[in-house]
Amino acid sequence: MQTPNRVQLKKWGGALLFWGIVALLLCVGVRERSFWTDEWYAFKYFDRSFFEFLKAYWQNPDNHPPGYYLILLAFIKLLGRHDFVVRLPSLLAGFGALIMTWRIARLIAGRDERWPYFAVLLAATSPYLIILSQTARYFSLAAFFALFAIYTVLKIITGGERTWFFGYAIALVLIGYVDYTTFLYVSAGSTLVILFTAWRAKSKQLLMYWLLAVASAALLLVPLLGIALAKAQAEAAYGGDVLTSGPLAWLLRIGIYGYAALYGFVAFPWDLEVTIPLALAFLLLIIVCFRDRAARGHFWRRPEIVVITVMGVLALVFNTALFSFLPRYTPLAYPRYVSFALYLFFLLLAALVWWITDKRRGIRLVIIVLLLATPAWSLFDTFGVTSADPTLFSMDRNLYRAVEQGDYIMINDDFPRVIFDWYREKYFANVTPLETPPNQSFFESGKRLWVIGYGYDDRDGFRAPRQKAEDITEPLGDAVRVIEKGYGPSIDSELRAFKKRLTGHDTYEHKIGLFLITAADK
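Residue positions are counted from 1 within each chain, in the order its sequence is given. Local features in this predicted model are restricted to residues whose pLDDT is 70 or higher, and side-chain atom pairs enter the listing and the counts only when it is 80 or higher, whereas totals over whole chains, interfaces and linings include all residues. In computing side-chain values, all of the structure's heavy atoms are included and hydrogens and water are not.

Trainee: Talk me through the overall build of the protein chain; I want residue IDs and the actual numbers.
Mentor: Secondary structure is summarised from DSSP: a helix means a run of H or I of at least four residues, a strand means a run of E of at least two, and numbering begins at the N terminus for each. Each helix and strand in the protein chain was counted, giving 23 helices and 7 strands. Based on C-alpha atoms, the radius of gyration is set beside the globule rule, defined as 2.2 Å times the residue count to the power 0.38. Against the compact-globule benchmark of 24 Å for 522 residues, the protein chain has a radius of gyration of 25 Å, which places it among compact chains. With respect to the principal axes defined by its C-alpha atoms, the protein chain has extents near 80 × 55 × 50 Å. Per-residue burial for the protein chain yields a buried fraction of 53% across its 522 residues. Of the contacts formed within the protein chain by residues at least 6 apart in sequence, a portion of 77% connects residues at least 24 apart. The method behind every accessible area is Shrake-Rupley, applied with a 1.4 Å probe, and residues are considered shielded solely by the protein chains displayed. Looking at the protein chain as shown, the accessible area adds up to about 24,200 Å², and 63% of this sits on carbon and sulfur atoms. Charged residues are defined narrowly, with Lys and Arg counted positive, Asp and Glu counted negative, and His plus the chain ends left uncounted. Here the site of a charge means atom NZ of a Lys, CZ of an Arg, CG of an Asp or CD of a Glu. For the protein chain, the separation between the mean place of its 53 positive charges and that of its 42 negative charges on side chains is 13 Å. Only protein chains enter the accessibility calculation, which uses a 1.4 Å probe; a residue is then buried when its area is under 20% of its type maximum, exposed when over 50%, and partly exposed in between. We call two residues in contact when some of their heavy atoms are within 4.5 Å.

In structure tokens:
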């Protein structure tokens, strides 16, 4: 017979092993990722002190709050300049979001400690959430703080101590200094839930504490008010994105969340090795739900489930409505601004599977295997190879390695100076950057110029990556030539066909390309 201490030791050992595996999953492919456009914005702050950063930010604010930049700057100052260090705050926040998913699930599960781990596994193996957790932006940090806020709301409405109102206020402040939109979604959802709870319980005390918490948070967020309003006006003034118009645009707006959750942006509905297991899992779940109506009804009547569902659905609705009024944001970007709702989706899915199959353990096992097998296939087959949004998962290190030493490279909006300086020692030690296009004599002297270009869609057609090089060679005529030296991963052919139907014109085959310009006779 095992002693209590040995049982406890095994329990702790199993937990450490589980969370260690989860941490490793978050790092899948992280070493090969390079930085994409939005990640570059933070680089300009790395040489500044904290005071210089705050001064520069308030003089010329970003369209996002300063909180993430301050945290990232602290990591750079403490741990040095390295790709992994730049991604580390997001990775830690992604891990924190998984812990908060587990904590919220434990509130619902009571004594059953098993299915909260299933909820964490669903989120931890989601390719899309892994991508966001590796992205040097505020996405996973906002999700972590949002989930913490939801945890405090659940504690408040289930009769927790008054100190949870303090935690709720802190969560709102943290979210407000990291992401404006997440703050709006969490504030709106939590306000609805708490006010309804206070009205139903006829609790003036609950209402009073909530008002005090909100007022305290609002006071601490006042410095951001003017910046937020000015940036909101600026965002509304932009024109529409090419993917926000056309008959299929609304289908894309609504369906993109399910696509992000189930396919992770690295697989597609026409990938049968993913779609068939998903279809079987949900078909089994629907059949069991239909047969066990009583269990299904009891599940959806639980207050914690109602709160999570309401806050998640409201966030998705508000997010879709907001970005429909800001049409420069393509629907492909929608899920990243409300990623905490995806964690809630996986939590609800795990809870429903566990609850509804309580008397059908064999079916439960089959559903679990099917739901975990599909992201596992994506992680080890298509992760980093293809993506519905290639800008979100930039894989251009091989192109950097191909640039030959002793040559020149063009600095442009697809390859800015901050990226050249960041990778100078690693890839461009003996490469000379050019800020302006050279003339014909430059090439006649035997010099060569490397150009990195991105593909773009617009309303009149599209720009292939090669166009960036041809913009330089066009004034020079036949005196120079462009040599294709390599491309990033190709865009899925079915996806290109879908984009053609959506936009009415062809699209680029590769998001990024590397080109060499030389004299025509070289």
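Having seen it, we continue.
Trainee: Lay out the nonpolar core in plain terms, naming residues and giving numbers.
Mentor: The biggest cluster of nonpolar side chains holds 154 residues, and the ones touching the most others in it are Trp-115, Phe-340 and Phe-428. Aside from chain neighbours lying at most four places away, what touches Phe-428 is Tyr-400, Val-403, Gln-405, Ile-409, Phe-415, Phe-420 and Tyr-423. We call a set of buried Ala, Val, Leu, Ile, Met, Phe, Trp, Tyr and Cys residues a nonpolar core when their side-chain atoms join them within 4.5 Å. Counting residues in hydrophobic clusters, the runner-up holds 15 residues, among them Met-410, Leu-449, Val-451 and Ile-472.

Trainee: Break down the packing of aromatic side chains for me, citing the residues and quoting the values.
Mentor: The aromatic pairing rule takes the rings of Phe, Tyr and Trp, using the six-membered ring of Trp, and pairs them if the centres are within 6.5 Å, calling planes under 30 degrees apart stacked, those over 60 edge-to-face and the rest tilted. For the coordinates displayed, the defined rule picks out 42 aromatic pairs. With a centroid separation of 6.2 Å and an interplanar angle of 90°, the aromatic rings of Trp-19 and Trp-102 are classed as edge-to-face. Of this pair, Trp-19 sits in helix H1 (residues 4–26) while Trp-102 sits in helix H5 (residues 83–109), and the two are 83 residues apart along the sequence. When sorted by exposure, Trp-19 lands in the same class as Trp-102, which is buried. Look at Phe-268 and Trp-270: their rings are 5.1 Å apart centre to centre, the planes differ by 5°, and that puts the pair in the stacked class. The class of Trp-270 is partly exposed, set by a relative accessible area of 33%.

Trainee: An account of helix H10 (residues 180–201) is requested, with residue identities and associated values reported.
Mentor: Helical geometry: 3.6 residues make up each α-helical turn, so side chains three or four residues apart lie on a common side. By this rule, a helix spans an expected 1.5 Å times one less than how many residues it contains. The end-to-end C-alpha distance of H10, which contains 22 residues, comes to 31 Å, matching closely the 32 Å that a straight helix rising 1.5 Å per residue would cover. If you check which residues of H10 are buried, you get Tyr-180, Thr-181, Thr-182, Tyr-185, Val-186, Ser-187, Gly-189, Ser-190, Val-193, Ile-194, Thr-197 and Ala-198. Where H10 terminates, the next one or two residues include Lys-202, which has phi positive at roughly 50°.

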